[in-house]
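Architecture and fold: a report
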Amino acid sequence: MTPTKTTTTEVEMVIRNRKTVMKDGIMTMSGIGEPSVFHALVVIFLEFFAWGLLTMPIISVLNATFPDHTFLMNGLIMGIKGILSFLSAPLIGALSDVWGRKFFLLVTVFFTCAPIPLMTFNTWWFFAMISISGVFAVTFSIVFAYVADVTTEAERSRAYGLVSATFAASMVISPALGAYLMDLYGEALVVAAATAVAVLDVFFIMVAVPESLPEKVRPSGWGPAISWEQADPFAALRKVGADRTVLMLCVAVFLSYLPEAGQYSCIFVYLKLVMGFGVVQVAIFIAIVGVLSIAVQVVLGFLMRSLGAKHTIMLGLLFEMMQLMWYGFGSRTWMMWAAGVLAALGSLTYPAISAYVSVNSRADRQGVVQGMVTGVRGLCNGLGPAMFGVIFYLFHVDLNEEHAVPGINPRPDEEKYVRMIPGPPFVLGALLVICALLVAAFLPEDGTVGQRRSSPDLRFEVERGRRVAGPLSPLMAPESAAL
């Protein structure tokens with residue numbers, strides 16, 4: 001029979017043909033039903049529900065393990081995890097284009113959740129494994145690639161929004177439940193419950209998740225399929241300066257997401273150890289901010305139509321700056337609640353940035369520019385937590401009534417400073433966001449991002465760029481939100 005060219009219809013038929021095959025050493029396991037966004041949503045919900053259960057136990061264990069350097073060690077743990085994730089994400093994304101999404105969903109979820117049971121055995125190994133697990137903490141990237149495989153371009157934005165909303169929903173429920181179980185039955189039961197949920201997620205991927213990447217669109221071999229440029233985490237960053245608008249956009253993302261990533265790595269610890277929040281208060285705080293964040297995502301479309309992408313970005317940055325100021329200078333509980341509301345309002349920034357890229361980029365530049373933005377954010381996920389941890393340590397924020405050594409008090413100048421500015425990293429973050437606002441003000445109202453050039457190698461990247469297209473998470477690096 002004469003071979004014919006593969007058409008889009010044939011590819012779609014391949015997607016819907018679920019069966020177990022072994023070909024060229026690549027196994028494609030069967031699943032339940034056709035590959036759909038629903039499968040991706042369940043995977044994300046279960047993974048972060050498991051980590052959300054541990055929110056309050058982790059705060060207690062972190063403070064007990066590192067009583068004198070809680071924030072410093074928190075920043076270093078999450079910083080190492082973020083840097084490793086940034087370095088490994090492009091390679092894992094490229095490999096998923098060869099081996100398929102299901103295998104790497106299984107690998108990333110398994111190794112990201114592997115540290116959970118260690119919490120009851122050895123806390124030092126627990127935190128060490130959290131850092132090392134950053135190599136595989138890229139579940140969101142694989143999930144977005146899975147979603148891209150099973151949706152059309154018109155459906156994709158809505159599907160990405162559903163993934164982000166599902167993450168937020170898991171964090172609304174699980175911290176409060178974990179806090180309740182810890183109060184009644186202790187940490188061991190919470191760890192056991194989180195481990196069970198993680199095992200359920202792995203089992204769901206193995207049994208129920210069908211492969212989304214059609215066999216016919218996979219490369220036939222390793223040679224041309226994976227290049228060093230695809231696996232190079234700095235490849236996207238090196239292209240940032242090629243276009244003025246892209247450069248401004250990435251600078252604005254760096255200046256605003258650096259403090260945002262640092263904040264999300266330590267805010268729950270900060271509320272409990274510095275602001276005096278109780279376990280129940282922290283759980284309720286997370287739930288309310290999560291619900292408000294979901295509501296903000298719902299009205300994002302209206303804001304985009306009314307204000308435009310650029311002004312929506314600036315509005316989100318304004319809320320973020322105000323939120324960081326409240327966290328930095330606030331010394332009362334009600335101020336933290338006000339900052340939480342502003343944090344929810346500021347969550348519209350990064351979906352708006354993705355929309356700005358989508359509206360103002362040519363079709364053959366979408367993946368490239370989104371990849372640059374994602375690369376900058378990935379870098380911030382490593383630098384932000386480390387920056388916050390070091391600043392907390394330098395300004396002796398841990399020296400408060402809860403863990404001051406009896407008979408030894410902070411120096412008068414330190415005590416006065418802590419009363420004036422309880423959260424110095426947040427204040428520095430607010431200043432960085434002000435700089436981001438100034439940069440965003442010079443973004444073009446309308447036009448084409450990256451219209452100066454479009455080379456064949458960039459078009460190839462666009463074809464491969466679906467693994468990084470779209471925002472990673474509203475709360476960020478969700479992979480690091482557990483601490």
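Given the structure is predicted, the values throughout are model-derived calculations rather than measurements.

Once that is clear, we can look at the overall build of the protein. Counting its regular elements, the protein contains 21 helices and 2 strands. Roughly 20,100 Å² of accessible area belongs to the protein as shown, and the carbon and sulfur atoms make up 69% of that amount.

Within the secondary structure, L46 sits in helix α2 (residues 37–53). Not counting chain neighbours up to four residues away, the residues in contact with L46 comprise V197, L200 and D201.

Interhelical geometry of helix α13 (residues 279–307) versus helix α15 (residues 333–346) gives an angle of 30° and a closest axis separation of 8 Å. With respect to their mutual orientation, α13 and α15 come out roughly parallel. Considering the relative orientation of α13 and α15, their crossing is right-handed. Only T333, M336, W337, G340, V341, A344 and L345 of α15 make contact with α13, whose side of the interface consists of Q281, I284, F285, I288, V289, L292, S293 and V296. Tallied by class, residues from the contact of α13 with α15 come to 11 nonpolar, 4 polar and no charged.

One pass over the structure, following the stated rule, counts 25 aromatic pairs. Summarising the aromatic geometry, the rings of F392 and F426 are spaced 6.1 Å apart at their centres and angled 70° between planes, so their arrangement reads as edge-to-face. On the criterion of sequence distance, the pair formed by F392 in helix α17 (residues 366–394) and F426 in helix α19 (residues 424–440) is long-range, its members being 34 residues apart. The two residues F392 and F426 agree in class, both being buried. One aromatic cluster in this structure is built from F71, Y270, Y327, F388, F392 and F426. Here the guanidinium or amino end of R377 rests over the ring plane of Y257, the centre of that ring lying 4.5 Å away.

Next up on the list: the packing of helix α3 (residues 55–65) against helix α6 (residues 123–132). As a packed pair, α3 and α6 sit with axes 10 Å apart at the nearest point and diverge in direction by 115°. By the angle between their directions, the pair α3 and α6 is classed as roughly perpendicular. Seen from above, α3 lies across α6 with left-handed handedness. Between α3, through I58, V61, L62 and T65, and α6, the contact on the second element is made entirely by T123, W124, F126 and F127.

L54, I116 and F426 are the most contacted members of the largest nonpolar core, which has 127 residues in total. It is helix α12 (residues 244–273) that provides the largest number of residues to this core, a total of 17 residues. Among residues more than four places away in sequence, those in contact with I116 are A50, W51, L54, F126, V191, A194, T195 and A198.

Moving on, we get to the pattern of salt bridges. Pairing between side chains becomes possible if they bear opposite charge and their charged atoms approach one another. Tallying each qualifying case throughout the model produces 1 salt bridge. The residue D149 makes a salt bridge to R101 at a minimum N-O spacing of 2.7 Å. Remark: R101 occurs in helix α5 (residues 101–113) and D149 occurs in helix α7 (residues 139–150); sequence separation between them is 48 residues. For the pair D149 and R101, a shared accessibility class is recorded, and that class is buried.

This part takes up the environment of F395. Looking at the element boundaries, F395 is found in the loop between α17 and α18 (412–420). When its relative accessible area of 34% is taken as the criterion, F395 is described as partly exposed. It is 9.5 Å that separates the C-alpha atoms of F395 and P422, two residues lying 27 residues apart in sequence.

Let us now look at α12. Over its 30 residues, α12 extends 43 Å from the first C-alpha to the last, a length consistent with the 44 Å expected when each residue adds 1.5 Å. Helix geometry: α12 is bent most strongly at C266, by close to 55°.

Within the secondary structure layout, S347 lies in the loop between α15 and α16 (349–360). Classification of S347 as buried rests on a relative accessible area of 4%. Apart from residues lying up to four places away in sequence, S347 is in contact with S293, V296 and Q297.

Moving on: a nonpolar patch on the surface. Side chains of I32, L200, F203, M206 and V207 sit close together on the surface and give an oily, nonpolar patch of about 480 Å² of accessible area. Its place among the elements puts L200 in helix α9 (residues 187–207). You can call L200 partly exposed: its relative accessible area is 45%.

A word on the confidence of the model for the protein. Summarising the model, the protein shows a mean pLDDT of 76, and 74% of its residues fall at 70 or more. Here helix α20 (residues 456–464) is the element of the protein with the lowest mean pLDDT, 35, and α9 is the one with the highest, 95. Under a pLDDT of 50 for its full length, residues 399–417 has, in the predicted model, 15 contacts with residues more than four places off or in other chains.

Before going further, it helps to spend a moment on the environment of P444. Mapped onto the secondary structure, P444 falls in the loop between α19 and α20. Taking the relative accessible area as the measure of exposure, P444 reaches 27% and is therefore partly exposed. For P444 and T245, which are 199 residues apart along the polypeptide, the C-alpha to C-alpha distance reads 7.5 Å.

How each quantity is defined
- Residues numbered from 1 in each chain as written.
- Predicted model: local features only at pLDDT ≥ 70, side-chain atom pairs only at ≥ 80, totals over all residues.
- Heavy atoms only, no water.
- Helix = DSSP H or I, 4+ residues; strand = E, 2+ residues; numbered from the N terminus.
- Areas by Shrake-Rupley, 256 points an atom, 1.4 Å probe, with all protein chains shown as cover.
- Contact = heavy atoms within 4.5 Å.
- Axes fitted to C-alpha atoms, helices over the stretch in contact; angles between N-to-C directions.
- Parallel < 35°, antiparallel > 145°, perpendicular 65-115°, else oblique.
- Left-handed = near helix turned anticlockwise from the far one by under 90°.
- Nonpolar A, V, L, I, M, F, W, Y, C, P; charged D, E, K, R; others polar.
- Phe/Tyr/Trp six-rings, centres within 6.5 Å; stacked < 30°, edge-to-face > 60°.
- Buried < 20%, exposed > 50% of the residue type's maximum accessible area, 1.4 Å probe, protein only.
- Lys NZ or Arg CZ within 6 Å of the ring centre and 35° of its normal.
- Core = buried A, V, L, I, M, F, W, Y, C linked by side-chain atoms within 4.5 Å.
- Salt bridge = Lys/Arg side-chain N within 4 Å of Asp/Glu carboxyl O.
- Expected span 1.5 Å × (residues − 1).
- Bend = angle between axes of the 7 residues up to and from the residue.
- Patch = residues over 30% accessible without salt bridge, like charges linked within 9 Å, V, L, I, M, F, W, Y side chains within 5 Å.
- pLDDT = per-residue confidence, 0-100.

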